[in-house]
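Single-letter residue listing:
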Amino acid sequence: MRDMSNGPTALLEDECDLVHTPTNSHSPRRDVPRVVVWRNVVLMSVLHAAAVYSLLLIPSASPYTLLWTLFCFVFSALGITAGAHRLWSHRSYKASLPLRIFLALGNSMAFQNDIYEWSRDHRVHHKYSETDADPHNATRGFFFSHIGWLLVRKHPDVIENGKKLEFTDLKNDRVVMIQKRFYKSSVVVLCFVIPAVLPWFLWAESLSVGFFLPAILRYTLVLNATWLVNSAAHMWGNRPYDVNINPRENRFVAFSAIGEGFHNYHHTFPYDYGTSEFGYKLNFTTWFIDFMCVLGLAKDRRRVPVELVMARAKRTGDGSHRSG
Ligand code: ST9
Ligand code: ZN
Ligand code: ZN
């Protein structure tokens, strides 16, 4: 693990670009008309209706199909958590080419925009949290930060301020650029075709159960688990590390998002590869990254020194900090 003990100041100066500071104001609040994208409204409504229908098919599914659905959930979730989030948005560890390819495939299965766009918007979210320049600004309410932001045109501040940030590392990553180039076809194959067809081919599951459970239901669950980080984890929970920001520690979200609900910690220390102080607790993604290091496929995990966490909690926390 990289030695981060050469002083908290060096660490913060090194990483400050993604740390939100209330003083880095971009522009005064601008009210702009909300432009609804009806195509997205229709598609998201149909998707969620189909996901509800999928629940009726669970009793008729083979146990292998249910296990396959779980596998697809975890694989696509890792493409977001260990891939788009901790690796590509935050560079909190380094991954070898085979691991980057594996994570890019999982990311296409998750169908949440390509890695480049996801990481670009996420960096903008950290830098301009809870302002008009934040793509899913949680001060606009639960619905907007959960799904509403994908149903309307972006606030111009998002685009204007996003253009000021640095994305050269993403442009220089061939895996990111190749995934971007073939994104649509990779989504069709990995998010829908393979999840649906493999159970039919290998254990004679009906194609409709294959389509509705490992494809539609799994996709909708991963989407909502991810969106809960933007909505619930920006509204409900303690703020042990920084009471001055909205993101919270939310155990339910940590569980459903395989480790991404420790959001007060994550916004305070965005460069920590574990996104939490507490190791593997409700954090399968951290276990996965550590396992990849054991296999020699990842390295240089960045961690915040315990003394810095304790000092920060004491200085700016809400008093609820516990070290276990
Ligand atoms: C989805 C994403 O679900 C979910 C992300 C969640 C993030 C969560 C983070 C939480 C932490 C991690 C937790 C992980 C937990 C995982 C748990 C797993 C169990 N900067 O976007 P456009 C420019 S997607 C700079 O079209 P509109 C740029 O030039 C779901 N520039 O804006 C761009 O052109 P291009 C499936 C920016 O027209 C141009 O503007 N996908 C930025 O306002 C236009 O951009 C969908 O539903 C920026 N930030 O449209 C699709 N942004 O792209 C939804 C834009 O060529 N999206 N520019 O470079 C859309 O349809 C549209 O984006 C829109 C806005 C209608 C929302
Ligand atoms: Zn956040
Ligand atoms: Zn983040």
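In case you missed it, the structure is sitting above this.
Below, the structure is looked at part by part. All figures in this text were calculated on a predicted structure; none of them were measured in a lab. (Residues numbered from 1 in each chain as written. Chains lettered and ligands numbered in written order. Predicted model: local features only at pLDDT ≥ 70, side-chain atom pairs only at ≥ 80, totals over all residues. Heavy atoms only, no water.)

Details of the packing of helix H3 (residues 63–89) against helix H4 (residues 97–110)
Remark: H3 packs on H4, axes separated minimally by 7 Å, with the N-to-C direction vectors making an angle of 115 degrees. Taken as a pair, H3 and H4 cross one another with a handedness that is left-handed. Of the residues in H4, those touching H3 at Cys-72, Phe-75, Ser-76, Leu-78, Gly-79, Ile-80, Ala-82, Gly-83, Ala-84, Leu-87 and Trp-88 are Arg-100, Phe-102, Leu-103, Ala-104, Leu-105, Gly-106, Asn-107, Met-109 and Ala-110. Tallied by class, residues from the contact of H3 with H4 come to 14 nonpolar, five polar and one charged. (Axes fitted to C-alpha atoms, helices over the stretch in contact; angles between N-to-C directions. Helix = DSSP H or I, 4+ residues; strand = E, 2+ residues; numbered from the N terminus. Left-handed = near helix turned anticlockwise from the far one by under 90°. Contact = heavy atoms within 4.5 Å. Nonpolar A, V, L, I, M, F, W, Y, C, P; charged D, E, K, R; others polar.)

Here's the deal with the coordination of the zinc ion (ligand 2)
Looking at the zinc ion (ligand 2), the protein donor atoms are His-125 (NE2), His-234 (NE2), His-263 (NE2) and His-267 (NE2), and they sit 2.1 to 2.2 Å from it. Considering all four donor atoms around the zinc ion (ligand 2), angles at the metal cover 92 to 156 degrees and the coordination shape is irregular. One chain supplies every donor for the zinc ion (ligand 2), spaced along it as H-x108-H-x28-H-x3-H. Of this pair, His-125 sits in helix H5 (residues 115–127) while His-263 sits in helix H13 (residues 263–268), and the two are 138 residues apart along the sequence. On the basis of relative accessible area, His-263 is assigned to the buried category, the value being 2%. (Donors = N, O, S within 2.8 Å, 3.2 Å for Na, K, Ca; no water. Tetrahedral: all angles 85-135°; square planar, octahedral: opposite > 155°, others 65-115°. Buried < 20%, exposed > 50% of the residue type's maximum accessible area, 1.4 Å probe, protein only.)

What about the pattern of salt bridges?
Counting across every chain of the model gives 10 salt bridges. Close ionic contact of Arg-86 with Glu-260 constitutes a salt bridge, the shortest N to O distance being 3.2 Å. Of the two residues, Arg-86 sits in helix H3 while Glu-260 sits in the loop between helix H12 (251–256) and H13, which places them 174 residues apart along the sequence. The pair Arg-86 / Glu-260 is uniform in exposure class, with both members buried. Arg-91 serves as the salt-bridge partner of Asp-169, at 2.8 Å between the closest nitrogen and oxygen. (Salt bridge = Lys/Arg side-chain N within 4 Å of Asp/Glu carboxyl O.)

Some words on the site of ligand 1
Taken together, 38 residues form the shell around ligand 1, and within it Asn-40, Asp-121, Arg-153, Lys-154 and Trp-227 come nearest. Taking Asp-121, its side chain carries an N or O atom lying 2.8 Å from a nitrogen atom of ligand 1. Here ligand 1 loses 82% of its free accessible area of 1,400 Å² to cover by the protein chains. Considering every element that reaches the shell around ligand 1, the biggest residue donor is helix H11 (residues 207–230), with eight residues. In terms of residue class, the shell around ligand 1 is made up of 20 nonpolar, 10 polar and eight charged. (Near = heavy atom within 4 Å. Polar contact = N/O pair within 3.5 Å; in protein donor to acceptor, adjacent residues only side chain to side chain. Areas by Shrake-Rupley, 256 points an atom, 1.4 Å probe, with all protein chains shown as cover.)

Quick notes on the packing of aromatic side chains
Under the criterion given, the structure shown has 17 aromatic pairs. Aromatic side chains Tyr-241 and Phe-269 sit 6.4 Å apart centroid to centroid with 75 degrees between the ring planes, which places their arrangement in the edge-to-face category. Note that Tyr-241 is positioned in the loop between H11 and H12 and Phe-269 in the loop between H13 and helix H14 (284–294), a separation of 28 residues in sequence. Residue Tyr-241 shares its accessibility class with Phe-269, and that shared class is buried. Each residue in the set Trp-68, Phe-71, Phe-75, Phe-102 and Phe-288 is aromatic and connected to the rest through ring pairs, giving one cluster. We note Lys-281 situated over the ring of Phe-278; from NZ or CZ to the ring centre the distance is 5.2 Å. Sitting above the plane of the Tyr-273 ring, Arg-301 keeps its charged end 5.8 Å from the centroid. (Phe/Tyr/Trp six-rings, centres within 6.5 Å; stacked < 30°, edge-to-face > 60°. Lys NZ or Arg CZ within 6 Å of the ring centre and 35° of its normal.)

Quick look at the coordination of the zinc ion (ligand 3)
Bound to the zinc ion (ligand 3) are the protein donor atoms His-85 (NE2), His-90 (NE2), His-122 (NE2), His-126 (NE2) and His-266 (NE2), situated 2.0 to 2.2 Å from the metal. Between consecutive donor residues of the zinc ion (ligand 3), the sequence gaps follow H-x4-H-x31-H-x3-H-x139-H. Pair noted here: His-90 is in the loop between H3 and strand S1 (94–95) and His-266 is in helix H13, with a separation of 176 residues, a long-range link. His-266 carries the same exposure label as His-90, and that label is buried.

A closer look at the side chain of Ser-119
In this fold, Ser-119 is placed in helix H5. What makes Ser-119 buried here is its relative accessible area of 0%. Residues within four places of Ser-119 in sequence aside, it is in contact with Ala-84, Trp-88, Ser-89 and Leu-170.

Comments concerning H5
Over its 13 residues, H5 runs 18 Å from end to end, which matches the ideal 18 Å to within 8%, given 1.5 Å per residue. Where burial is concerned, most of H5 is hidden: 11 out of the 13 residues are buried. In this structure, the buried side of H5 is in contact with H3, H4, helix H7 (156–162), helix H8 (168–171), helix H9 (174–181) and H13. Looking at where H5 begins, the residue whose side-chain oxygen comes 3.2 Å from the main-chain nitrogen of Tyr-116 is Asp-114. (Expected span 1.5 Å × (residues − 1).)

So, a nonpolar patch on the surface
Together, Val-188, Val-189, Val-193, Ile-194, Val-197, Trp-200, Phe-201, Leu-202 and Leu-207 make up a nonpolar patch on the protein surface, roughly 810 Å² of accessible area in all. By residue number, the principal contributor to the nonpolar patch is helix H10 (residues 183–203), which donates eight residues. In this structure, Val-197 sits in helix H10. For Val-197, a relative accessible area of 31% gives the class partly exposed. (Patch = residues over 30% accessible without salt bridge, like charges linked within 9 Å, V, L, I, M, F, W, Y side chains within 5 Å.)

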